[in-house]
Amino acid sequence: MAKFQLKINGKQLSVDVDPSTPLLWVLRDHLHLVGTKYGCGAGACGACTVHLNGNALRSCQLPVSAVGTQAITTIEGIATSETEMHPVQKAWLELDVAQCGYCQTGQIMSAVALLKRNPNPTEAEIEAAMTGNICRCGTYIRIKAAIQKAAKSTTK
Amino acid sequence: MTLLRRTKMEILKLHLKNAKRVIERTYTAPFLAHNPMEPISCFAHITDEKAFFVAPIQIPEMMKQNIVANLDIKPEQLEMKLARMGGGFGRRAYGHYIVEAGHISKKMKAPVKLIYTREDDMTNGIYRPTYIMTYKAAIDENNNVTALHVIGGGFPESPLHENRFPAGAIDNYLAESWELPTNITIGAYRAPRSNFNASAEQSFLDELAEAVGKDPLDFRIELLKKAKANPVGKNNDYDVSRYMGVLQLLKEKSNWGSPATKNAKRGVSAYFCHASYAAHVVDVTMKNGQPYVEKVVTAMDCGFVVNPEGAKNMVEGAVIDGIGNALYGELLIDKGDTAQKNLNNYRIIRHREAPKKIEVHFVQNNIDPTGLGEPPFPPVFAAVANALYKATGKRLYHQPYLKELNKQKA
Amino acid sequence: MKSENKNQSRRSFLKVTSLTGGGMMIGISWFANLIPNEAMAHVADNNNWVQLNGFIKITPDNQVKIFNPNPEFGTNVMTSLPMMVNEELEADWSKVKVEMGDYDTPRFKSQFTGGSRAMAMAWMPLRTAGATARLMLMQAAANEWGVPVNELSVSKGTVMHKGSGKAATYGELATAAAKLPKPEKVALKKPGEFTLLGTPQKNKVGKEIVSGQSLFTMDYQVEGMLIAMVIHPPAFGMQLKSFDASEALKMPGIKDVFEFQVYKDGYVKAGFDTRTFNRLIAVVGNSTWEVINARKKVVAEWEPIQTTKEPVMARGGRRDEVIPAGLESTDEHFAADA
């Protein structure tokens, strides 16, 4: 067991866990931030995607001891304000993307990171950035359209 | 074998013997793991007063007697919240995990959440069975299909729906089943049995159409016209007019005959199950030897469409699920153990493999709503295989098709 | 391992809740190191719900809630089934709240997610539930105003009497309506008369999904909850012989490791009771990662099964299902001769 001070969604939070604990389980079990999902534990599905210093990362593959002072953002921390969602979340709602919904927070985190570094991605760039995120329900066409819509809404 | 079957069999043999040509083809498909995005889990808190669960379960009523009997609780003690499920596809119809969580909570005298890892879920699954189907057709000198013999089998169940199209459209028709036991657990998977039955049947019809020199879409409509005018047998379980309706709508909306892009090749397939009718035209291209489905046009008759936006989303998902499983879906078993244990080697379709476009057209009618979650799924497989034939010149008989394509190349 | 600042965050959570009137919020769990489902309990529903039937509840201040009977696994029944109720109820759909019904099949008639049957099975009972509730609300207004019910009309959750200009919301009428007898027969609209059914409507749970709310069983947590995993045999055709948990029990956070039998000997399985491995090892601990690590330390011995017959109740009768011994491989299956 060891104590870790984590900077999550702009707040300092502390946990006392085994240093090998993946960030995913720290978020879910210890900080009750359950929007970050467990899908495979092998970095193969993208359901656990969070941001580390703004870059998309599979939280199931990152031991909490490797986080240090780097800033973590989870789905719970991306809304524009307490009452307004992020433009990517809004696009997801407008295009009614979700079916079961389980993978969608991970999809959104990958999409937000993509648009941050590339506000106007081509179709091929979207596919490349998103291909690590599996949607078993097959909502890929809507996800792509939502990313394009969010890109338009933020760059106009 | 009943006398009727024996007679049918004798007549069938005679037709096959006297036929100008006989075409016989065998189709296979592997086990599939459901792999819903949310692995299996269940919350249980059993106390002296009540048995409380938060359960992801498709049909809670079906689990009641199981929970009560195996956990020694009274029916009135059972309380269950039905959590949203991160997918199911049939896997969450089988609620053994509720009983397991209950046992553990009882022993621990505490609230417990049972979690299966992805590996637990994939190695301890209730899989889509592995199936084999053989079709044998007799063709006379006038290019009429005079007889059809179908034998379907599997571990541990046959995929056959014996009264389904083309039953009713062919004068001499016999469908038979065999089953062999296995200790591998199997269960319902999105459109059980139909998901394979359709792939074999609709691939075979495509090959038959070619053999008799007809357009594959028109050939199906012709058979349906015959089934409407002079149906063979009385037990055919589909509505001929609705079946024909989706094919005609598809022909019109897909602009059949002209693929969306110039390099694309087209395949068609249609199927009836769960009281609804679905037909697809699939456009594929080959890029560096890899197949890619770039566009799909779907015609769907599910009666009155309750929520058109949600319905369209559901069909898109079923089409993408179908493409993924047709090309990549495979769970291999090696000495009782699954060769695939996680999503790094169990292949599920991903973003860049999904079509650029799926057009969904619903037949407009006021028939009380029928099924939608499953019906668009089964016919996708053969539409992909039939398009790949046009693109590569190779007929595909064994799923997953990508593996079969690569094998043929080697 | 305890989360810190729990009370403080709980207070901040409650503050936010009151600011937004208890409605759906974005990022609620974020304010807190608090357990999401505890949070749900704290936003306890203090409304005075009046139940009109199994599917419909209304508050005096005119909130309308419709229950979805069918378990939701992504086909969007949380939207489409309540739409059926509301087509006949005629509350304001944009304001209707939907809620997943608990397991209570007698109340909901059918709770069946499978076989693509949701729409067909719900089509009559859910529209009928909406129509009877609307009639009861109209009857309550007719009684109150002393006018015949056939002079009344409804729109977006308000009952109106054209002759007198009187109007009342469903909320105002609900308490009186709930005391009225349930109408025996109701006429349902024909498809040509639908105003909601057949129109594209967005997922009623969309906001909760995209903001990562606690919706799934995986997300469910309560104070004092333990995490459990099960170890099953490494192959179909194998069963548990014995195991040694002494090392696993020494691992941090581990509460117990034990063997259990899922179904009793002789239990007659029904169609959906499928379960191959009946004897499992449970590993129970405080957190997921601790259990994942500890289970690797369990040393189990497995042995081949003998061919057995299991009683099954399926396809209309009781039969014995043969479970063959042996370690099967895909190659052998495809070599099988029909």
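Because the structure is predicted, anything quoted here is derived from the model rather than measured. (Residues numbered from 1 in each chain as written. Chains lettered and ligands numbered in written order. Predicted model: local features only at pLDDT ≥ 70, side-chain atom pairs only at ≥ 80, totals over all residues. Heavy atoms only, no water.)

### Notes on the overall build of chain C
Scanning chain C for helices and strands turns up 10 helices and 15 strands. The 338 residues of chain C split such that 53% are buried. Once local pairs closer than 6 in sequence are excluded, the contacts in chain C between residues at least 24 apart make up 63%. Accessible surface for chain C amounts to roughly 15300 Å². Of this, 51% is attributable to carbon and sulfur atoms. (Helix = DSSP H or I, 4+ residues; strand = E, 2+ residues; numbered from the N terminus. Buried < 20%, exposed > 50% of the residue type's maximum accessible area, 1.4 Å probe, protein only. Contact = heavy atoms within 4.5 Å. Areas by Shrake-Rupley, 256 points an atom, 1.4 Å probe, with all protein chains shown as cover.)

### Re the domain arrangement of chain C
Here the domain parsing of chain C yields domain 1 (50-194) and domain 2 (226-335). Just the C-alpha atoms count here: the centres of domain 1 of chain C and domain 2 of chain C sit 46 Å apart. (Domains from an automatic or database assignment.)

### Side note on the interface of chain A and chain C
Contacts between chain A and chain C engage 45 residues on the former and 39 residues on the latter. Between chain A and chain C, a total of about 3600 Å² is buried, with carbon and sulfur atoms accounting for 61% of that surface. Viewed at the interface, chain C and chain A are joined by two salt bridges. For Lys37 of chain A, the salt bridge is made with Asp219 of chain C, and the minimal N-O distance between the two is 2.6 Å. The interface formed by chain A and chain C includes 10 residue pairs in polar contact (both at pLDDT 80 or more). (Buried area = accessible area lost by both parts, 1.4 Å probe. Salt bridge = Lys/Arg side-chain N within 4 Å of Asp/Glu carboxyl O. Polar contact = N/O pair within 3.5 Å; in protein donor to acceptor, adjacent residues only side chain to side chain.)

### A closer look at the sheet that holds strand 2 (residues 56-58) of chain C
Residues and elements named next belong to chain C. Reading across from one edge, 1-2-3-4 is the order of the four strands in this open sheet, with mixed pairing throughout. Taken across any chain shown, the strands that pair with only one partner, and hence form the sheet edges, are strand 1 (50-53) and strand 4 (97-100). Recorded for the sheet is a direction-independent mean angle of 30° between the axes of neighbouring strands. Both strand 2 and strand 3 (residues 64-68) contribute to a ladder of three bridges, which runs antiparallel. By the bridge assignment, Ile56 is partnered in strand 3 with Ile66. (Pairing = 2+ DSSP bridges. Axes fitted to C-alpha atoms, helices over the stretch in contact; angles between N-to-C directions.)

### Observations regarding the domain arrangement of chain B
Residues and elements named next belong to chain B. Here chain B is described as being made up of domain 1 (3-32 + 128-409) and domain 2 (41-123). Facing the 12 residues of domain 1 at the interface are eight residues of domain 2. Around 810 Å² of area is buried between domain 1 and domain 2 when both sides are counted, 62% of it from carbon and sulfur atoms. Considering only the side of domain 1, the residues that lose the most area to domain 2 are Ala188, Lys341 and Asn342, jointly responsible for 46% of the buried surface there. The interface formed by domain 1 and domain 2 holds zero salt bridges in total. Here domain 1 and domain 2 share three residue pairs in polar contact (both at pLDDT 80 or more) between them.

### Description of the packing of aromatic side chains
Remark: the centre distance and the inter-plane angle together describe each pair of aromatic rings, the angle taken between the planes. Throughout the structure, instances matching the rule amount to 27 aromatic pairs over all chains. An angle of 65° between the planes, with centres 5.6 Å apart, marks the rings of Phe55 of chain C and Phe108 of chain C as edge-to-face. Remark: Phe108 of chain C occurs in helix 4 (residues 105-108) and Phe55 of chain C occurs in the loop between strand 1 and strand 2; sequence separation between them is 53 residues. Through successive ring pairs, a cluster of aromatic residues spans Phe165, Tyr238, Tyr243, Phe272 and Tyr277 of chain B. (Phe/Tyr/Trp six-rings, centres within 6.5 Å; stacked < 30°, edge-to-face > 60°.)

### As for the nonpolar core
With 184 residues, the main nonpolar core has Phe53, Ile67, Ile98 and Ile104 of chain B as its most contacted residues. Here the element with the most residues in this core is helix 5 (residues 118-145) of chain C; it accounts for 14 residues. With sequence-adjacent residues up to four places away left out, Ile67 of chain B is seen in contact with Phe53, Asp72, Ile73, Leu78, Met80, Ile98 and Val99 of chain B. Ranked by size, the runner-up nonpolar core spans 50 residues in total, among them Tyr131, Ala167, Leu205 and Phe272 of chain B. (Core = buried A, V, L, I, M, F, W, Y, C linked by side-chain atoms within 4.5 Å.)

### Side note on the sheet that holds strand 8 (residues 172-179) of chain B
Residues and elements named next belong to chain B. Pairing is mixed in the open sheet, where four strands are placed in the order 1-6-7-8. Sheet topology places strand 1 (21-29) and strand 8 at the edges, where each strand pairs with a single neighbour. Neighbour to neighbour, the strand axes of the sheet diverge by 10° on average, direction disregarded. With 10 bridges joining them, strand 6 (residues 130-139) and strand 7 (residues 145-155) adopt antiparallel strand pairing. If you follow Ala138 over to strand 7, its bridge partner there is Ala147. Against the sheet, helix 1 (residues 3-18) engages strand 1, strand 6, strand 7 and strand 8, with an angle of about 115° to strand 8. Along the sheet face, helix 5 (residues 194-211) touches strand 1, strand 6 and strand 7 and points at about 25° away from the line of strand 6.

### Side note on helix 3 (residues 96-108) of chain B
All names here are of chain B. Under the 1.5 Å per step criterion, the end-to-end length of helix 3 is 19 Å for 13 residues, consistent within 8% with the ideal 18 Å. Among the 13 residues in helix 3, 11 count as buried, and that is most of the element. Listed as buried for helix 3 are His96, Tyr97, Ile98, Val99, Glu100, Ala101, Gly102, His103, Ile104, Ser105 and Met108. Note on helix 3: the residue one or two positions beyond its end, Lys109, has a positive phi of about 50°. (Expected span 1.5 Å × (residues − 1).)

### Things to note about the interface of chain B and chain C
In this assembly, 103 residues from chain B lie in contact with 94 residues from chain C. Of the roughly 7800 Å² buried at the junction of chain B and chain C (both faces included), carbon and sulfur atoms supply 62%. Our count for the chain B to chain C interface comes out at five salt bridges. For the pair chain B and chain C, the interface holds 44 residue pairs in polar contact (both at pLDDT 80 or more). Per-class residue counts for the side of chain B that touches chain C are 55 nonpolar, 30 polar and 18 charged. Examined bridge by bridge, strand 5 (residues 112-115) of chain B and strand 8 (residues 226-231) of chain C share three bridges and lie parallel to one another. (Nonpolar A, V, L, I, M, F, W, Y, C, P; charged D, E, K, R; others polar.)

### Considerations on the packing of helix 3 (residues 104-117) of chain A against helix 5 (residues 140-155) of chain A
Residue and element names in this part refer to chain A. Relative orientation of the contacting elements helix 3 and helix 5 amounts to 40°, with a least axis distance of 11 Å. The orientation of helix 3 relative to helix 5 falls into the category oblique. Between helix 3 and helix 5 lies a crossing whose hand is right-handed. Residues Gln104, Gln107, Ala111, Leu114 and Leu115 of helix 3 pack against Ile143, Ile147, Ala150 and Ala151 of helix 5. Across the contact of helix 3 with helix 5, the residue classes break down as seven nonpolar, two polar and no charged. (Parallel < 35°, antiparallel > 145°, perpendicular 65-115°, else oblique. Left-handed = near helix turned anticlockwise from the far one by under 90°.)

### Section: the environment of Ala101 of chain B
Residue and element names in this part refer to chain B. Position of Ala101 among the secondary structure elements: in helix 3. What makes Ala101 buried here is its relative accessible area of 0%. As for Ala101 and Pro181, which are separated by 80 residues in sequence, their C-alpha atoms are 29 Å apart. Ignoring any residue separated from it by four or fewer positions in sequence, one finds Ala101 in contact with Cys42, Ala44 and Leu114.

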